[in-house]
Amino acid sequence: MVLLRFAPSPTGALHLGGLRTALFNHLYAKKLGGKWVLRIDDTDATRYVPDAVQGIRSSLAWAGLEYDYGPEKGGPHGPYFQSQRLDLYQTYAKKLIDSGHAYRCFCSPDRLSEAREKLARTGSNATYDKACQHLTDEEAARRVRAGEKHIVRLNEERAPRREQITDLVFGPMKDSHAGLPTDPILLKTDLFPTYHLASVVDDYEMGITHVLRGEEWLPSLPLHLDLYAALQLPAPQYGHLPILLNPDGTKMSKRKGDVAVGDYMKRGWEPDALLNWLALAGWGAHHEYPTSPASTSSSPSSTASEHTDTVPDSTQMMTLPELMEQFDLSAITHRRNSLDITKLAYLNKRHLMRTVAEGGAALEDLARRVYVDIKEAFPESQYTSIADIASAITALESRLTTVKDIPSMGAFFFINPDWQGSEAEGMMRGIEVEDQRTVLDAVASRLRALRPTEPEAEWWTAVAFSDVLHTEMEAVGIKSKVFMTVLRHALTGMKKGPSVPDVMRALGEDRTFWRLKEATNLF
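In every chain, residue numbers begin from 1 and rise along the written sequence. Totals for whole chains, interfaces and linings use every residue, but because this is a predicted model, local features are given only for residues with pLDDT of at least 70 and side-chain atom pairs only at 80 or more, for both listing and counting. To get the side-chain values, all heavy atoms of the structure are used, and hydrogens and water are removed first.

Undergrad: Can you tell me about the overall build of the protein, naming the residues and giving the values?
TA: Every helix listed is a DSSP run of H or I at least four residues long, and every strand listed is a run of E at least two residues long, numbered separately from the N terminus. A tally of helices and strands in the protein yields 21 helices and 13 strands. Its C-alpha radius of gyration of 32 Å places the protein more than 25% over the 24 Å reference for a compact globule of 523 residues. In terms of its C-alpha atoms, the protein occupies a principal-axis envelope of roughly 105 × 50 × 45 Å. Accessible surface is estimated by sampling points in the Shrake-Rupley manner with a 1.4 Å probe; for residues, cover comes only from the protein chains shown. Element-wise, carbon and sulfur atoms account for 50% of the exposed surface of the protein, whose accessible area totals about 24700 Å². Charged residues are defined narrowly, with Lys and Arg counted positive, Asp and Glu counted negative, and His plus the chain ends left uncounted. Working definition for charges: the position is that of NZ of Lys, CZ of Arg, CG of Asp or CD of Glu. Counting 60 positive and 69 negative side-chain charges, the protein places the centres of these two groups 5 Å from one another. When we talk radius of gyration, it's over C-alpha atoms, and the globule rule is simply 2.2 Å times the number of residues to the 0.38.

Undergrad: Can you lay out unusual backbone geometry for me, pointing to particular residues and giving the numbers?
TA: Residue Pro79 is bonded to the preceding Gly78 through a cis peptide linkage, with omega at 0°. Looking at the secondary structure, you find Pro79 in the loop between helix 2 (52–63) and helix 3 (86–98). Positive phi, normally seen in glycine, also occurs at Asp51, with a value near 70°. Its location among the elements puts Asp51 in the loop between strand 2 (35–38) and helix 2. The cut-offs for exposure are 20% and 50% of the maximum accessible area for each residue type, with area from a 1.4 Å probe on protein chains only; residues under the lower value are buried, those over the upper are exposed, and the others partly exposed. According to the relative accessible area criterion, Asp51 is exposed, its value standing at 64%. Positive phi values are uncommon outside glycine, yet Leu191 reaches one of about 70°. Tracing the sequence through the fold places Leu191 in the loop between strand 7 (185–187) and helix 6 (195–205). What makes Leu191 partly exposed here is its relative accessible area of 40%.

Undergrad: Can you break down the packing of helix 18 (residues 465–476) against helix 19 (residues 480–491) residue by residue, with the values?
TA: Convention adopted: a line fitted to C-alpha atoms gives each axis, helices being fitted over their contacting stretch, and angles between N-to-C directions are expressed from 0 to 180 degrees. Following both chains from N to C, one finds helix 18 and helix 19 inclined at 120°, their axes separated by 10 Å at the closest point. Taken together, helix 18 and helix 19 sit at an angle that is classed as oblique. Of the two possible hands of crossing, helix 18 and helix 19 adopt the one that is right-handed. Between helix 18 and helix 19, the residues in contact are Leu469, Glu472, Met473 and Val476 and Ser480, Phe483, Met484 and Leu487, respectively. Note on residue categories: nonpolar means Ala, Val, Leu, Ile, Met, Phe, Trp, Tyr, Cys or Pro, charged means Asp, Glu, Lys or Arg, and polar means any other residue, Gly included. Here the contact of helix 18 with helix 19 is built from residues that sort into 6 nonpolar, 1 polar and 1 charged. Each angle receives one of four descriptions, namely roughly parallel if under 35 degrees, roughly antiparallel if over 145, roughly perpendicular if within 65 to 115, and oblique otherwise. Note on convention: near helix rotated counterclockwise from far helix by under a right angle means a left-handed crossing. Clockwise means right-handed. The contact criterion used is simple: two residues touch if any of their non-hydrogen atoms lie within 4.5 Å.

Undergrad: Can you break down the packing of helix 19 against helix 21 (residues 509–520) residue by residue, with the values?
TA: In the contact formed by helix 19 and helix 21, the axes pass within 8 Å of each other and the chain directions differ by 105°. One element, helix 19, and the other, helix 21, form an angle in the roughly perpendicular class. Of the residues in helix 21, those in contact with Leu487, Ala490 and Leu491 of helix 19 are Thr512, Arg515, Leu516 and Ala519. Tallied by class, residues from the contact of helix 19 with helix 21 come to 5 nonpolar, 1 polar and 1 charged.

Undergrad: Residue-level account of the state of the cysteines, with values.
TA: Cysteine sulfur pairs qualify as disulfides if the two atoms are within 2.5 Å. Across all of its chains, the model carries 0 disulfides by this definition. The thiol of Cys105 is not disulfide-bonded; the next cysteine sulfur, from Cys107, is found 3.8 Å away. Cysteine Cys107 is unpaired, with the sulfur of Cys132 as its nearest cysteine sulfur at 3.6 Å.

Undergrad: Describe the environment of Arg143, and please don't skip the residues or the numbers.
TA: Relative to the assigned elements, Arg143 resides in helix 5 (residues 137–145). Those residues in contact with Arg143, other than ones at most four positions away along the chain, are Phe106, Leu135 and Glu148.

Undergrad: Account for a positive patch on the surface, naming residues and giving values.
TA: Patch membership is restricted to residues that have no salt bridge and whose relative accessible area is over 30%. Joining uses 9 Å for like charges and 5 Å for the nonpolar side chains Val, Leu, Ile, Met, Phe, Trp and Tyr. The working definition used for a salt bridge is a side-chain nitrogen of Lys or Arg within 4 Å of a carboxyl oxygen of Asp or Glu. Taken together, the side chains of Arg399, Arg429, Lys495 and Lys496 present a region of like positive charge at the surface. Position of Lys495 among the secondary structure elements: in the loop between helix 19 and helix 20 (500–507).

Undergrad: How would you summarise the UniProt feature "domain: Aminoacyl-tRNA synthetase class I anticodon-binding" (unreviewed entry) in the protein if you had to cite specific residues and measurements?
TA: UniProt positions are given in the numbering used here, feature names are shortened, and annotations may be inferred rather than shown by experiment. Mapped onto this numbering, the UniProt entry gives "domain: Aminoacyl-tRNA synthetase class I anticodon-binding" (unreviewed entry) at residues 384–519. Here residues 384–519 runs as 64% helix and 0% strand, with 23 Å between its end C-alpha atoms.

Undergrad: Please set out the side chain of Thr520 residue by residue, giving values where relevant.
TA: Its place among the elements puts Thr520 in helix 21. Polar contact is defined as a pair of N or O atoms within 3.5 Å, subject to the rule that within protein one atom must be able to donate a hydrogen and the other to accept it, and that residues adjacent in sequence are counted only when both atoms are side-chain atoms. One polar contact links the side chain of Thr520 to the main-chain carbonyl oxygen of Leu516, over a distance of 2.8 Å. Other than its neighbours up to four places away in sequence, Thr520 contacts Arg437, Leu440 and Asp441.

Undergrad: Go over the nonpolar core, please, and point to the residues and values.
TA: Buried Ala, Val, Leu, Ile, Met, Phe, Trp, Tyr and Cys residues that are joined via side-chain atoms within 4.5 Å together make up what is termed a nonpolar core. Within the largest apolar cluster, 86 residues are counted, with the highest numbers of intra-cluster contacts made by Leu16, Leu19, Phe24, Leu60, Leu65, Leu274 and Trp277. Element by element, the count of residues in this core is highest for helix 1 (residues 16–31), at 8 residues. The contact partners of Leu65, leaving out residues within four places of it in the chain, are Leu19, Ala22, Leu23, His26, Trp36, Leu60, Leu275 and Leu320.

Undergrad: Explain the environment of Thr127 to me, and be specific about the residues and the numbers.
TA: Secondary-structure assignment places Thr127 in the loop between helix 4 (109–121) and helix 5. In the structure, Thr127 is positioned 15 residues away from Leu112 in sequence and 8.6 Å away in space, judged by C-alpha atoms. In contact with Thr127, other than residues within four places in its own chain, are Arg116, Leu119, Pro181 and Thr182. Within polar-contact distance, the side chain of Thr127 engages the backbone nitrogen of Thr182 at 2.8 Å.

Undergrad: An account of helix 6 is requested, with residue identities and associated values reported.
TA: Burial runs high along helix 6: 9 of the 11 residues are buried. For helix 6, every residue scored as buried is listed here: Tyr195, His196, Leu197, Ala198, Ser199, Val200, Val201, Asp202 and Asp203. On its buried face, helix 6 is in contact with strand 1 (3–6), helix 3, strand 7, strand 8 (210–214), helix 7 (221–230) and strand 9 (237–241). Once helix 6 finishes, Gly207 follows within two positions and takes phi at roughly 75°, a positive value.

Undergrad: How would you explain the pattern of salt bridges if you had to name every residue and give the values?
TA: Enumeration according to the criterion identifies 25 salt bridges in this entry. Note that Glu434 is salt-bridged to Arg437, the shortest N-O span being 3.8 Å. Of this pair, Glu434 and Arg437 both sit in helix 16 (residues 433–450), separated by 3 residues, roughly a single helical turn. For Glu434, a relative accessible area of 51% puts it in the exposed group. Linked by salt bridges that have partners in common, Arg5, Arg39, Arg85, Asp202 and Asp203 make up one network.

Structure representation (structure tokens):
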């Protein structure tokens with residue numbers, strides 16, 4: 001079975017880069033008819049942040065990225081916290097030692113620092129002088145029994161050399177160990193594994209078939225393939241996703257800028273819009289090359305061919321199912337991409353409009369999501385039900401960037417207009433009082449004439465308000481600009497906003513009549 005995994009560290013809030021990695025794992029797993037795992041890489045206790053795991057799970061749930069196995073869900077290869085799998089890593093480390101592919105290093109931090117400095121002075125790129133590599137088994141065992149602290153290192157001299165490897169995203173690449181430390185550490189003095197050992201062991205033990213992760217791990221791929229070879233285990237296929245950048249070109253990180261998914265949740269962005277935005281950042285030309293279990297390096301081969309199949313542009317509106325249908329790893333560009341917030345705003349508007357057009361449960365869910373904000377903004381209002389909010393969203397839909405705009409753009413849907421405010425008074429400047437009264441009386445009379453003799457709950461929503469207003473405007477002979485300004489003033493007290501017919505429909509019968517009457521009493 002095709003099985004992928006998303007393995008974040010609980011060192012802080014889930015950020016946009018992490019969400020995109022989770023998204024691509026989700027899309028690729030579903031595209032291939034497989035499943036994916038949430039695995040928590042919590043082997044660095046010094047950087048652990050309380051509640052980070054819950055934050056990661058909440059962010060994934062908000063985005064609609066439901067993992068198949070992992071914390072709270074369980075699965076066939078648990079536990080899904082690496083800190084609960086320490087015995088497993090120690091077993092594999094011993095296998096490597098026994099086969100001669102790894103050894104115990106007893107060098108103190110001071111001695112390691114001294115060795116690095118000495119190597120640097122000689123012009124060597126090595127980071128360790130391998131002082132412990134040739135200790136006999138008896139000597140190593142004696143020092144372990146004596147309680148000496150030690151680490152376990154990979155014996156890179158036993159590592160295989162490959163001419164080429166293939167990455168699912170970057171294609172054929174040269175196998176390069178140049179950026180790796182000398183005899184990399186696999187097990188630390190506290191018996192916790194490094195990322196390299198834990199990742200390889202867990203991916204094998206859990207049956208992971210494909211690994212999609214950030215480009216920052218690309219230099220480590222030779223090491224990971226070395227470990228698979230040393231343990232005589234089959235390696236999964238690897239794909240590395242180009243890094244997302246800040247608008248200024250710097251790498252996105254938890255320490256810089258506003259990149260936490262939680263911040264976007266709080267600002268009212270639509271989950272589908274955020275996923276849409278992340279997915280299409282870097283979704284470009286296709287690349288053709290074979291894939292294989294072996295893959296890596298730091299620069300793509302110049303021989304990779306490209307073709308020009310149609311791919312979505314960076315502002316094409318796509319839902320999660322639509323992204324899944326069109327997802328193709330070969331369409332991901334090799335360059336790093338910066339995120340343009342204006343594209344997110346554009347996509348968010350379109351996703352909101354789509355939700356409004358869909359109506360029903362989708363619109364109700366949207367209203368429910370913003371309910372608390374509306375109640376906090378208008379605590380005394382009696383018009384903050386889910387139905388009232390849904391009506392306001394429907395009227396405002398083409399004007400909203402996010403649902404957080406509702407209180408500022410549509411306060412009049414929840415509270416009465418401020419007719420004494422400077423904006424409202426300015427609207428009526430230059431309009432004769434007689435014209436104001438004529439417009440309000442004519443519209444109120446016309447709407448009363450349309451009211452059915454027998455109560456009908458839905459009659460108001462069936463009224464063709466645009467036709468009614470056009471007919472009355474011609475009947476009273478008042479110019480359109482004046483006619484509509486008078487009505488907008490009476491109903492909203494604001495110069496800009498949804499169309500007057502949309503406002504009337506959203507306000508409902510009682511409030512529309514009341515405001516027309518109260519506005520008349522202002523004269």
